[in-house]
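One-letter residues, chain by chain:
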Amino acid sequence: MTKERGQGRGAKPRFVAPNLGSRTLAMSISRQEVEKIALLGRLLLTEEELDRMTVQMGGILDYMDLLGEVDTEGVEPMAHAIDVANAFRDDRVGSSLDREAALANAPHRDAQCYLVPAVLGEG
Amino acid sequence: MALIDHTATELLEQLAAGRVSSIELTQAFLAQIEQHDASVKAFLRVDPAAALARAQEIDRRRAEGQTLGRLAGLPVAVKDLLCTQGEPTTCASRMLENFRPPYDATVIARLKAADAVLIGKTNMDEFAMGGSNENSAFFPTRNPWDLSRVPGGSSGGAAACVAARMAPLSVGSDTGGSIRCPAGLCGVSGLKPTYGRVSRYGLVAFASSLDQIGPLAWTVDDLALLLEVLAGHDPRDSTSVNLPVPRYTETIRQPLEGLRIGLVREHFGEGLDGEVNAAVREAMRVYESLGAQVKWLSLPHGKYAVATYYIIAPCEASSNLARYDGVHYGYRTNEKEMLAELQADRARLQKVRDTAALEDLDSALVRLYRRTRDEGFGPEVKRRVMLGTYALSAGYYDAYYKKALRVRRLIRQDFDRAFEEVDLIAGPVTPTPAYKIGEKVDDPLSMYLYDLYTVSANLAGLPGISVPCGFSSSELPIGLQLQAPPFEEERLLRGARMFQQATDWHTRKPSTA
């Protein structure tokens, strides 16, 4: 991967961010892992896409390695920028989307349902 | 002066005084679109007949003496990730090319209630992922100041249409700089409100803890006007805050007394273009001449913002985009071809008796999902789904996602401390002026690093604004970014207006318009 980056983009000036500090190449990702992640993410990558994705993800994940130098001992994770307490509302019956409107954008449907390929009895 | 060269505030006065009709105004902006959008390509869709019909209706209601909304008769452009009922809302993705939402986003409903004329849906990076508009599945938008350059992104069409005088007001969204970056590169003003200030209901989700909708216009007065219409609590978005919306347009004319501005030391290091650096420093001299005190400060965790952002945003994206399954709405692969492909795969594996691979073979439903998403998503969206899926997967969750959430808090704490010393934080919006189309397209990491001045506001949930503060030697706009503590949009707008009262960068117009 290091080789590929050197070859492919050596001539092109890369934007240099200020004060990035040193980084290691410890967290590179393998092609097999990329293939597995593609399945988990429900993507289907061609051989060529897999090669490219392995190089690009490797480079990006190497950069993420930078976070390793931050001492986060005892720091509470921050999932949201504002502290929102549970937003409750009264349990009142309202109107919901009618069936036809909900099905209107379905790529494959009948009068009442979304249609998908058979999931039972395969094999 | 031509109609299209007036600000939204001026045009509303003319409409109210009867000096111009909404039909005339809408026709003028449609004519500008007709003349220039073939080269700028800011819009994905313009429906002149619908816009004119709406304008006519508002003119009629005005003639009848009816009470009209805040933006009555004024054309407004909206980014194509805001759901508009019954009309295409594509997110610049093949996945949603034929999607017609069954409801209006809250901001669309607010614009309609304000009697605005929705003039068109603007181009963007696919699912708002990108900073150049090159990730649109349909075509890239071009920078009106130099058609060979990017307009910035992801709200590139939203900024370009304002710069090219094709709309007086425009609505964008900002997840990591997507309003401020294109505003800076196109020489217009753009505001990212505090997270929670504007309802996200009906905004097609990218990263739900970071996304925020906001206004773009030439002047900050016009931003104040549009923000007043967009902002406010919405029971349909439980993260929208229940705070009163200040009358921004009424307070914006009051300069900030004893203003203290902070410059972040780390923002002026290696990587910052010399002309951008000089323009921002000159802007500080302008503030000093207005009585402000400018001082240096440090945001020690700022250098981790890009890495933090590009873990959290893809994690949220991979989760949000799981909904595109080819079943409920959006694109779906050709089912017959998919089944034939699967059959061929199975036959091949049976022939070589590869039982392990046969067991792992996709079910028909899984293959449907995978082919649908492979064909419906572009390369950048796939990259983010991959990064997010990886960072959230077993064994990596703590090392990436949780770690990033902890650093996020440290980034926020830096800001909280800084705002004890200063009222606003100023700096560049982007490291350089607009770059050439295609220049960074093969290097996603360098594309991500271009966001280093803007992502912190989203991570910390702060409001941020970009206003024009100069031009490069090759006549490209340079933006000045100001940031304020949460829910201090009023301070931000007042501070930015002081600058626009003292300078005329925001009045410049590209020769292509």
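Residues numbered from 1 in each chain as written. Chains lettered and ligands numbered in written order. Predicted model: local features only at pLDDT ≥ 70, side-chain atom pairs only at ≥ 80, totals over all residues. Heavy atoms only, no water.

Caption draft 1: Spotlight on the overall build of chain B. Helices and strands together make up the secondary structure of chain B, namely 18 helices and 11 strands. Taking 2.2 N^0.38 as the reference for a compact globule, 513 residues should give roughly 24 Å; the C-alpha atoms of chain B span a radius of gyration of 23 Å, in line with that estimate. Each principal axis of the C-alpha atoms in chain B carries an extent, and together these give about 80 × 55 × 45 Å. Buried positions account for 65% of the 513 residues belonging to chain B. Restricting the contact set of chain B to residue pairs at least 6 apart, pairs at least 24 apart contribute 76%. In the structure as shown, chain B presents an accessible area of about 17000 Å², 48% of it carried by carbon and sulfur atoms. The averaged location of the 62 negative side-chain charges in chain B is 3 Å from the averaged location of its 58 positive side-chain charges. (Helix = DSSP H or I, 4+ residues; strand = E, 2+ residues; numbered from the N terminus. Rg over C-alpha atoms; globule rule 2.2 N^0.38 Å. Buried < 20%, exposed > 50% of the residue type's maximum accessible area, 1.4 Å probe, protein only. Contact = heavy atoms within 4.5 Å. Areas by Shrake-Rupley, 256 points an atom, 1.4 Å probe, with all protein chains shown as cover. Lys, Arg positive; Asp, Glu negative; His and termini not counted. Charge placed at Lys NZ, Arg CZ, Asp CG, Glu CD.)

Caption draft 2: Region of interest: the packing of helix α7 (residues 220–230) of chain B against helix α18 (residues 489–502) of chain B. All names here are of chain B. Two elements in contact, α7 and α18, have axes separated by 9 Å at closest approach and are oriented at 155 degrees. Judged on the interaxial angle alone, α18 and α7 are roughly antiparallel. Contact residues: α7 offers V220, D221, L223, A224 and L227, while α18 offers E489, L493, A496, R497 and Q500. Its residues assigned to classes, the contact of α7 with α18 shows six nonpolar, one polar and three charged. (Axes fitted to C-alpha atoms, helices over the stretch in contact; angles between N-to-C directions. Parallel < 35°, antiparallel > 145°, perpendicular 65-115°, else oblique. Nonpolar A, V, L, I, M, F, W, Y, C, P; charged D, E, K, R; others polar.)

Caption draft 3: Spotlight on the sheet that holds strand β8 (residues 293–297) of chain B. Residues and elements named next belong to chain B. Taking strand neighbours across the sheet as the criterion, the 11 strands line up as β1-β3-β2-β4-β6-β5-β10-β11-β9-β7-β8 in an open arrangement whose pairing is mixed. Edge positions in the sheet fall to β1 (43–45) and β8, since each has one partner strand and no second. Strand-to-strand, the axes of this sheet are offset by a mean angle of 30 degrees, without reference to chain direction. Relative to β8, strand β7 (residues 260–264) runs parallel, the two sharing five bridges. Bridging across to β8, L263 finds its partner in W296. (Pairing = 2+ DSSP bridges.)

Caption draft 4: Main features of the state of the cysteines. Residues and elements named next belong to chain B. Within the structure shown, the criterion is met by zero disulfides over all chains. Among the cysteines around C91, which has no disulfide bond, C83 carries the closest sulfur, lying 8.0 Å off. Residue classification places C91 among the buried positions, given a relative accessible area of 1%. Free cysteine: C161, not disulfide-bonded; nearest cysteine sulfur from C186 at 9.3 Å. (Disulfide = S-S within 2.5 Å.)

Caption draft 5: The arrangement of the packing of aromatic side chains in detail. Residue and element names in this part refer to chain B. Following the criterion strictly, the structure yields 18 aromatic pairs over all chains and no others. When the centroid spacing of 3.9 Å and the interplanar angle of 10 degrees are considered together, the rings of Y310 and Y448 count as stacked. Of the two residues, Y310 sits in helix α10 (residues 305–320) while Y448 sits in helix α16 (residues 444–449), which places them 138 residues apart along the sequence. Y448 shares its class with Y310; the two are buried. Here the aromatic cluster, defined as three or more aromatic residues joined through ring pairs, consists of F99, F127, Y324, Y329 and F377. The ring of W218 is capped by R165, whose NZ or CZ atom sits 4.0 Å from the centre of that ring. (Phe/Tyr/Trp six-rings, centres within 6.5 Å; stacked < 30°, edge-to-face > 60°. Lys NZ or Arg CZ within 6 Å of the ring centre and 35° of its normal.)

Caption draft 6: Structural view of the packing of α10 of chain B against helix α15 (residues 397–421) of chain B. Residues and elements named next belong to chain B. Across the interface, α10 lies against α15 with an axial gap of 9 Å and an inter-helix angle of 125 degrees. By the angle between their axes, α10 is oblique relative to α15. For the crossing formed where α10 meets α15, the hand is left-handed. On the side of α10, the interface is formed by A305, T308, I311, I312 and C315, while α15 contributes Y400, Y401, A404, L405, V407, R408 and I411. Looking at the contact of α10 with α15 residue by residue, the classes come out as 10 nonpolar, one polar and one charged. (Left-handed = near helix turned anticlockwise from the far one by under 90°.)

Caption draft 7: Inspection of the interface of chain B and chain A at higher detail. Contact with chain B, which involves 82 residues of that partner, is made by 62 residues of chain A. Taken together, the two surfaces of chain B and chain A that pack against each other cover about 6600 Å², and 68% of this comes from carbon and sulfur. Run the count over chain B and chain A and you get two salt bridges. E49 of chain A serves as the salt-bridge partner of K382 of chain B, at 3.3 Å between the closest nitrogen and oxygen. Sorting the residues of the side of chain B that touches chain A by element identifies α10, α11 (335–351), α13 (364–376), α14 (379–392), α15, α16 and α17 (455–460) of chain B as the ones contributing at least two each. Of all the elements, α15 of chain B adds the most residues to the side of chain B that touches chain A, at 11 residues. The residue makeup of the side of chain B that touches chain A, split by class, is 39 nonpolar, 17 polar and 26 charged. (Buried area = accessible area lost by both parts, 1.4 Å probe. Salt bridge = Lys/Arg side-chain N within 4 Å of Asp/Glu carboxyl O.)

Caption draft 8: View of the pairing of strand β2 (residues 75–79) of chain B. Residues and elements named next belong to chain B. The element β2 is extensively covered by neighbouring structure, given that five of its five residues are classed as buried. Here β2 shows a buried face lined by P75, A77 and K79 and a second buried face lined by V76 and V78. By the bridge criterion, five bridges tie β2 to strand β3 (residues 117–122) in an arrangement that is parallel. Across the sheet, V78 pairs through a bridge with K121, a residue of β3. Handedness of the crossover joining β2 and β3 through helix α4 (residues 106–113): right-handed. Two elements, β2 and strand β4 (residues 169–174), share three bridges in a ladder whose sense is parallel. Directly across from V76, in β4, lies its bridge partner L169. (Right-handed = clockwise from strand over helix to strand, strands pointing away.)

Caption draft 9: Here's a closer look at the pattern of salt bridges. Residues and elements named next belong to chain B. Taken as a whole and judged by the stated rule, the model has 45 salt bridges over all chains. With a shortest N-O distance of 3.1 Å, R94 and E97 are connected by a salt bridge. Judged by relative accessible area, which is 35%, E97 ranks as partly exposed. For E282, the salt bridge identified is with R285, shortest N-O distance 3.0 Å. Taken together, the residues E282 and R285, both in helix α9 (residues 274–289) and three residues apart, mark about one turn of the helix.

Caption draft 10: Region of interest: the side chain of N123 of chain B. Residue and element names in this part refer to chain B. Considering the arrangement of structural elements, one finds N123 in the loop between β3 and α5 (156–163). With relative accessibility at 0%, the residue N123 sits in the buried group. Here the side chain of N123 touches S136 through a polar contact of 2.9 Å, side chain to side chain. (Polar contact = N/O pair within 3.5 Å; in protein donor to acceptor, adjacent residues only side chain to side chain.)

Caption draft 11: Region of interest: the confidence of the model for chain B. The pLDDT averaged across chain B works out to 97; a share of 100% of its residues lies at or above 70. Two summary scores accompany this predicted model of the complex, namely pTM at 0.94 and ipTM at 0.93. (pLDDT = per-residue confidence, 0-100.)

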